[in-house]
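# Fold and geometry: a report
Each chain, written out:
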Amino acid sequence: MKIVELDLTGCKYLAEIHERIRVAFDFPEWYGKNWSAFWDLLWSECDADKVIIKGENSLSGEFDNSLSKMHEILERNKKERANSDYPFDYEIVD
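Residues numbered from 1 in each chain as written. Predicted model: local features only at pLDDT ≥ 70, side-chain atom pairs only at ≥ 80, totals over all residues. Heavy atoms only, no water.

Moving on, we get to the sheet that holds strand 2 (residues 50-54). As summarised here, the arrangement of the three strands in space is 1-2-3, forming an open sheet in which the pairing is parallel. Strands at the two margins of the open sheet, each flanked by one partner only, are strand 1 (3-7) and strand 3 (89-93). Pairwise comparison of adjacent strand axes, ignoring direction, gives a mean angle of 15 degrees for this sheet. The strands touched by helix 3 (residues 64-81) within the sheet are strand 1, strand 2 and strand 3, with strand 3 carrying the most contacts at an inclination of about 150 degrees. (Pairing = 2+ DSSP bridges. Helix = DSSP H or I, 4+ residues; strand = E, 2+ residues; numbered from the N terminus. Axes fitted to C-alpha atoms, helices over the stretch in contact; angles between N-to-C directions. Contact = heavy atoms within 4.5 Å.)

So, on to the nonpolar core. Within the largest apolar cluster, 27 residues are counted, with the highest numbers of intra-cluster contacts made by Leu8, Ile21, Phe25, Phe38 and Met70. Sort the elements by how many residues they give to this core and helix 2 (residues 35-45) lands first, with six residues. When neighbours within four sequence positions are excluded, phenylalanine 25 is seen to be in contact with Val4, Leu6, Phe38, Leu42, Cys46 and Val51. (Core = buried A, V, L, I, M, F, W, Y, C linked by side-chain atoms within 4.5 Å. Buried < 20%, exposed > 50% of the residue type's maximum accessible area, 1.4 Å probe, protein only.)

With that out of the way, let us pick up the pairing of strand 1. Because side chains alternate across strand 1, one face comprises the buried residues Val4 and Leu6, and the other comprises Ile3, Glu5 and Asp7, none of which is buried. Alignment of strand 1 against strand 2, held across five bridges, turns out to be parallel. Paired with glutamate 5 across the strands is isoleucine 52, a residue of strand 2.

Right, let's talk about helix 3 for a bit. When the terminal C-alpha atoms of helix 3 are compared, their 26 Å separation across 18 residues agrees well with the 26 Å that a helix rising 1.5 Å per residue should span. Listed as buried for helix 3 are Ser66, Leu67, Met70, His71, Ile73, Leu74, Asn77 and Arg81. Along helix 3, the residues classed as buried sweep out an arc of 160 degrees about the axis, all on the same side. Exposed residues pointing more than 90 degrees away from the buried face of helix 3 are listed as Asn65 and Lys79. Those residues of helix 3 that are buried are in contact with strand 1, helix 1 (14-24), helix 2, strand 2 and strand 3. (Expected span 1.5 Å × (residues − 1). Arc of directions from axis to C-beta.)

Right, let's get into the environment of histidine 18. As for its placement among the helices and strands, histidine 18 is situated in helix 1. Along the primary structure histidine 18 and glycine 32 are separated by 14 residues, whereas in three dimensions their C-alpha atoms are 8.7 Å apart. When neighbours within four sequence positions are excluded, histidine 18 is seen to be in contact with Tyr31, Lys33, Asn34 and Trp35.

Relative to the helices and strands, asparagine 77 is located in helix 3. C-alpha of asparagine 77 to C-alpha of phenylalanine 88: the two residues are 11 residues apart in sequence and 7.1 Å apart in space.

The following block contains the structure:
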C-alpha cells in the first residue's frame, strides 16, 4: 500500500500549500499549483492508495474554501476509483 503524507502545518500562503502538495505527491516541477492541475495529476499521475493530511487545524480560516476544494477533489478521486482495481482513500488527522 502506497501512502502519501501531506503536512500542511503552518502554511501561510496558498502557493505554499500547493508546493507541499507537489512535493508530497512527487508531482513534476511544471505542476500548475491550482486545483484543476491538482485534479489532473491526482487522476493521471498519482499511484497512492491513501493520502493522510496533517496540519489543517494550524491554518488560518482564510484557507477554508481552498481546503474544501481539496477535500472535494480527493473525494471525487475516491469515488472515481471505488470500483476499480486501484481504490483510493484519504484521511484528515491533526
